[in-house]
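So you can see what is in the structure, the chains are spelled out below.
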Amino acid sequence: MLKGPWMDWKANSEFFLTDTHAHLASTRFSGELEDLLDRAREAGVRRIVTISCDAEDALANLEIAADHGGVAASVGIHPSYVHETGDGDWAGRIADLAQRPGVVAIGEIGLDFFHPPGDGGSVASWRTRQRKVFEAMLQVALDLALPVIVHQRESGPEVLDVLSGFPGVSAVLHCFTGGPTEAERALEMGHFLSFTGVLTYPKSEEVRAAAAMAPLDRIMLETDSPYLAPVPCRGKRCEPALLVHTARTLAEIQGLEFEEIASATSETAERFFALGPGTI
Ligand SMILES: [Zn+2]
């Protein structure tokens, strides 16, 4: 499956790619994690941040990170999972998990106005609940001095409004799908942008325009595996090895060599997440 010019480069090179957003604990990868990491390594993807959507997911991701050099984890409550927060100390549970070894960020957290309310209630109360959880997660990040990974869907301005209330928090807008104006506002606030396979889709002209104007020390690459496979694998299950396609597209957009893109976006990720020296 992975054949092409990028195979000349990869594993022995001092340059490598960092997949800053993959859901390695996804059931869609059950039983094949080692093979998936082998394929990533073969493709030159040598560091991965595995992302959690709730506390249970976090436990699975922490285990994966503990067992694999080069894999770090995030912990947080995704906006589509906020109905799992009951009366207990859910924020405290995330804060506890966030202090375990291998955790580099709080995420993914944010606002999702696309999907219908997960609790069967009104849209207004669902959005209020999302905002409450988002703010609580940002407070945890602030307390623990961790960066955050932000999920936004049809909620771009609202997400930036909430973030503006936490000026001490450094955020990456994961799967950035906005245009140059939105990108500029986020960058002006000091935040980072991360691009998925969406960058390779024919209709993503606005996203490519945003990627063209963004400085390399503020952008990162990700797969969002198992979702959002880039062209030419669009529609299939995504995995970290496929990051090469998105990286090549970014290289074309920025008019740079593939190696420069790999090294610059990996350096940005290393700095943003304070990643250790380990590789997969
Ligand atoms: Zn995700």
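Residues numbered from 1 in each chain as written. Predicted model: local features only at pLDDT ≥ 70, side-chain atom pairs only at ≥ 80, totals over all residues. Heavy atoms only, no water.

**Q** Can you walk me through the packing of helix H5 (residues 156-164) against helix H6 (residues 180-188) in this structure?
**A** Each packed pair of helices is defined by two parameters, the angle between the axes and the distance between the axes. Two numbers describe how H5 lies on H6: the axes approach to 11 Å, and their chain directions differ by 10 degrees. One finds that H5 runs roughly parallel with respect to H6. Facing Gly-156, Pro-157, Leu-160 and Asp-161 of H5, the residues of H6 in contact are Glu-182, Arg-185 and Ala-186. When its residues are assigned to classes, the contact of H5 with H6 shows three nonpolar, one polar and three charged. (Axes fitted to C-alpha atoms, helices over the stretch in contact; angles between N-to-C directions. Helix = DSSP H or I, 4+ residues; strand = E, 2+ residues; numbered from the N terminus. Parallel < 35°, antiparallel > 145°, perpendicular 65-115°, else oblique. Contact = heavy atoms within 4.5 Å. Nonpolar A, V, L, I, M, F, W, Y, C, P; charged D, E, K, R; others polar.)

**Q** Please explain the confidence of the model for the chain as it appears in this structure.
**A** Predicted coordinates in regions of low pLDDT should not be interpreted in detail. Per-chain confidence: the chain averages 93 in pLDDT, with 95% of residues scoring 70 or above. Confidence drops under pLDDT 50 across residues 1-11; counting only partners more than four residues distant or on other chains, this segment forms 26 contacts. (pLDDT = per-residue confidence, 0-100.)

**Q** Teacher, can you tell me more about the coordination of the zinc ion here?
**A** For a metal bound by four donors in tetrahedral geometry, the ideal donor-metal-donor angle is 109.5 degrees, whereas six donors in octahedral geometry ideally sit at 90 or 180 degrees. Here the zinc ion is held by His-21 (NE2), His-23 (NE2), Glu-108 (OE) and Asp-224 (OD), and the distances to it run 2.1 to 2.5 Å. Each of the four donor atoms bound to the zinc ion contributes to angles spanning 87 to 174 degrees, and the resulting shape is irregular. Along the chain, the residues that donate to the zinc ion are spaced as H-x1-H-x84-E-x115-D. One end of the pair, His-23, is in the loop between strand E1 (17-22) and helix H1 (33-42); the other, Glu-108, is in strand E4 (residues 103-112), and 85 residues separate them in sequence. Taking the relative accessible area as the measure of exposure, His-23 reaches 6% and is therefore buried. (Donors = N, O, S within 2.8 Å, 3.2 Å for Na, K, Ca; no water. Tetrahedral: all angles 85-135°; square planar, octahedral: opposite > 155°, others 65-115°. Buried < 20%, exposed > 50% of the residue type's maximum accessible area, 1.4 Å probe, protein only.)

**Q** Got a minute to help me understand the nonpolar core in this structure?
**A** Inside soluble globular proteins, nonpolar side chains tend to come together where they are buried. Judged by nonpolar contacts, the single largest core of 79 residues is most densely connected at Ile-106 and Leu-193. The element contributing the most residues to this core is helix H4 (residues 123-144), with eight residues. Once residues lying within four places of it in the same chain are set aside, the contact partners of Leu-193 are Val-172, Leu-173, Phe-176, Ala-183, Ala-186, Leu-187, Ala-214, Arg-218, Ile-219 and Met-220. Of all hydrophobic cores here, the second largest spans 13 residues; its members include Ala-105, Ile-149, Met-220 and Ala-269. (Core = buried A, V, L, I, M, F, W, Y, C linked by side-chain atoms within 4.5 Å.)

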